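Here is what each chain is made of, one letter per residue.
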Amino acid sequence: MTNKINLKDLFGSLQNQMLAQLSTNREFILHPGSKGDSLEDTWIEWLRKYLPNRYCIDKAIIIDSKGNLSHQIDLVIYDQQYTPFVLTQNGVHYIPAEGVYAVFEVKPDMQGSVTSSSGTISHIEYAGRKIESVRKLTRTSTTIIDRGEEKRPRPLTKILGGILTSVNSIGKRGTLENRLKALIGLQGIDMGCAVDAGAFFVDYIGEEKVSISDLPSRIDDYYTTRTFNEVKFSDADNSLVSFFFQLTRYLQQSIGTVAAIDLGAYSDAINFTLDEQL
């Protein structure tokens, strides 16, 4: 009996399971709304199964302390340790912007278009606009007590933005790359996955300017000044595993833990001032 396992074969089996699930949803659920909900639920359940328990995953609307709302987001990866309230009303989750790690648009295909108030736009551009609706929300950061010591408010973390699909019928990778390159500022997509074609991540050039003391301005400046470098693609036969590894790398080693929410900013909405002393 061998004491080793072929990891490539193991991950290949995982890939085939997910592909079969998504293919069934696409082929046998005919109503567009039901098909979309089913695809979103499949991605959500898959990530819930494999991401560490510290990450919550849901479809949701993101809110901020000023009462602003994002678009409805198909898949949100968020924190509940440092953002202790998530509201659910009529089946819709409302998540404070401070708790968001990543947001993803879910579509059957990378190719395709959506009719918006400004006309017909591609799935890629539509995803970028939904990502922007989250990134432009106001986020707070406050002190926390860590092992008995007060820690200063930490910088706001980056919010990953991406798109998840079953297939990519765009064809040439260069076409997809050009569409991703056209997204600028807060609309920039960081990563994505088409199960039948491969995962990708976008390499941007740019760093946060630590000289900017205002934390919301600092993170906005990062998105508006970073520049597109290139898109890196995985092979089609390990698209899901490549996506999962890259997502986990971003979450654990690039983002870390979200900043602590300033509940005082939210209590202002009910004209109540929190006591900061015990």
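For the structure, check the block above.
Nothing here was measured: the structure is a model prediction, and the numbers come from that model. (Residues numbered from 1 in each chain as written. Predicted model: local features only at pLDDT ≥ 70, side-chain atom pairs only at ≥ 80, totals over all residues. Heavy atoms only, no water.)

A.B. asks: What exactly am I supposed to notice about helix α6 (residues 239-255) here?
C.D. replies: One full turn of an α-helix is made of 3.6 residues, so residues set three or four places apart face in the same direction. Helix length check: α6, at 17 residues, gives a terminal C-alpha distance of 22 Å against a target of 24 Å (1.5 Å per residue), a fit within 8%. Along α6, the positions that sit buried rather than exposed are S239, L240, V241, F243, F244, L247, T248, Y250, L251 and I255. (Helix = DSSP H or I, 4+ residues; strand = E, 2+ residues; numbered from the N terminus. Expected span 1.5 Å × (residues − 1). Buried < 20%, exposed > 50% of the residue type's maximum accessible area, 1.4 Å probe, protein only.)

A.B. asks: Quick question: what am I supposed to make of the sheet that holds strand β13 (residues 227-233) here?
C.D. replies: Within a beta sheet, neighbouring strands are joined by backbone hydrogen bonds and run either parallel or antiparallel to one another. Reading across from one edge, β3-β4-β1-β2-β5-β10-β11-β12-β13 is the order of the nine strands in this open sheet, with mixed pairing throughout. What marks the edges here is a single partner per strand, and that holds for β3 (87-89) and β13. Between one strand and the next, the sheet's axes are offset by a mean angle of 35 degrees, whatever the strand orientation. Here strand β1 (residues 56-63) runs beside strand β2 (residues 69-78); their pairing, made up of six bridges, is antiparallel. Looking at β2, one finds that I61 is bridged to Q72. Helix α3 (residues 123-135) contacts β1, β2, β5 (100-109) and β10 (160-167) of the sheet and is inclined by roughly 90 degrees relative to β2. Strand contacts of α6: β2, β5, β10, β11 (191-194) and β12 (198-205), with the helix running at about 165 degrees to β11, the strand carrying the most contacts. (Pairing = 2+ DSSP bridges. Axes fitted to C-alpha atoms, helices over the stretch in contact; angles between N-to-C directions. Contact = heavy atoms within 4.5 Å.)

A.B. asks: What is the right way to look at the nonpolar core in this model?
C.D. replies: For soluble globular proteins, the rule of thumb is that nonpolar side chains tend to be buried together. Counting 35 residues, the largest nonpolar core has I62, V76, L180, I189 and F200 as the members making the most contacts within it. When residues of this core are traced back to their parent elements, those giving at least two are β1, β2, β5, α3, α4 (173-181), β12, α5 (215-225) and β13. Ranked by residue count, the leading element in this core is α3, at four residues. Setting aside residues up to four positions removed in sequence, F200 forms contacts with M110, I163, L176, L180, I189, M191, G192, C193, V231, K232 and F233. L39, Y55, I57 and L75 belong to the second largest nonpolar core, which has 30 residues in total. (Core = buried A, V, L, I, M, F, W, Y, C linked by side-chain atoms within 4.5 Å.)

A.B. asks: Explanation requested: the pattern of salt bridges in the structure shown.
C.D. replies: Pairing between side chains becomes possible if they bear opposite charge and their charged atoms approach one another. In total, this model carries 16 salt bridges according to the counting rule given. Close ionic contact of E125 with R129 constitutes a salt bridge, the shortest N to O distance being 3.0 Å. In this pair, E125 and R129 are both assigned in helix α3, four residues apart and thus about one turn of the helix distant. The exposure class assigned to E125 is partly exposed, which follows from its relative accessible area of 29%. Exposure remark for R129: the relative accessible area of 24% places this residue in the partly exposed category. Note that D190 is salt-bridged to R135, the shortest N-O span being 2.7 Å. Residue D190 is found in the loop between α4 and β11, and its partner R135 is found in helix α3; the two are separated by 55 residues along the sequence. Take R135: its relative accessible area is 4%, and that puts it in the buried class. Sharing partners across several salt bridges, the network here consists of D74, E105, K107 and K130. (Salt bridge = Lys/Arg side-chain N within 4 Å of Asp/Glu carboxyl O.)

A.B. asks: I would appreciate a short explanation of the packing of aromatic side chains in the present structure.
C.D. replies: Both the distance between ring centres and the angle between the ring planes are used here to describe each pair of aromatic rings. On inspection of all chains with the given rule, the structure shows 13 aromatic pairs. Look at W43 and W46: their rings are 6.1 Å apart centre to centre, the planes differ by 90 degrees, and that puts the pair in the edge-to-face class. Of the two residues, W43 and W46 both sit in helix α2 (residues 32-50), three residues apart, roughly one turn of that helix. W43 sits in the buried class, given a relative accessible area of 0%. Taken together, the ring pairs in this structure connect F11, W43, W46, Y50, F104, F243, F244 and F245 into an aromatic cluster. Its guanidinium or amino end placed over the ring of Y222, K158 lies 4.7 Å from that ring's centre, counting from NZ or CZ. Taking the ring centre of Y204 as reference, the NZ or CZ of R226 above it sits at 3.7 Å. (Phe/Tyr/Trp six-rings, centres within 6.5 Å; stacked < 30°, edge-to-face > 60°. Lys NZ or Arg CZ within 6 Å of the ring centre and 35° of its normal.)

A.B. asks: In this structure, what is going on with the pairing of β5? I would like to understand it.
C.D. replies: Residues in a regular strand project their side chains so that they alternate between the two faces of the sheet. Most of β5 is tucked away: nine of the 10 residues are buried. As judged from the four bridges shared by β2 and β5, these two strands associate in the antiparallel manner. Across the sheet, Y78 pairs through a bridge with V100, a residue of β5. Judged from the seven bridges that link them, β5 and β10 form a sheet pairing that is parallel. Residue pairing across strands places E105 opposite I163, the latter belonging to β10.

A.B. asks: Teacher, can you tell me more about the pairing of β2 here?
C.D. replies: For β2, a buried count of seven out of 10 residues is recorded, marking the element as mostly surrounded by other parts of the structure. The turn joining β1 and β2, which pair antiparallel and follow one another in sequence, is formed by five residues; a positive phi near 90 degrees is taken by G67.

A.B. asks: How should the side chain of Q187 be read in this particular structure?
C.D. replies: Tracing the backbone through its elements, the reader meets Q187 in the loop between α4 and β11. We classify Q187 as buried; its relative accessible area is 17%. In contact with Q187, not counting residues within four places along its chain, are G128, R129, E132 and R135.

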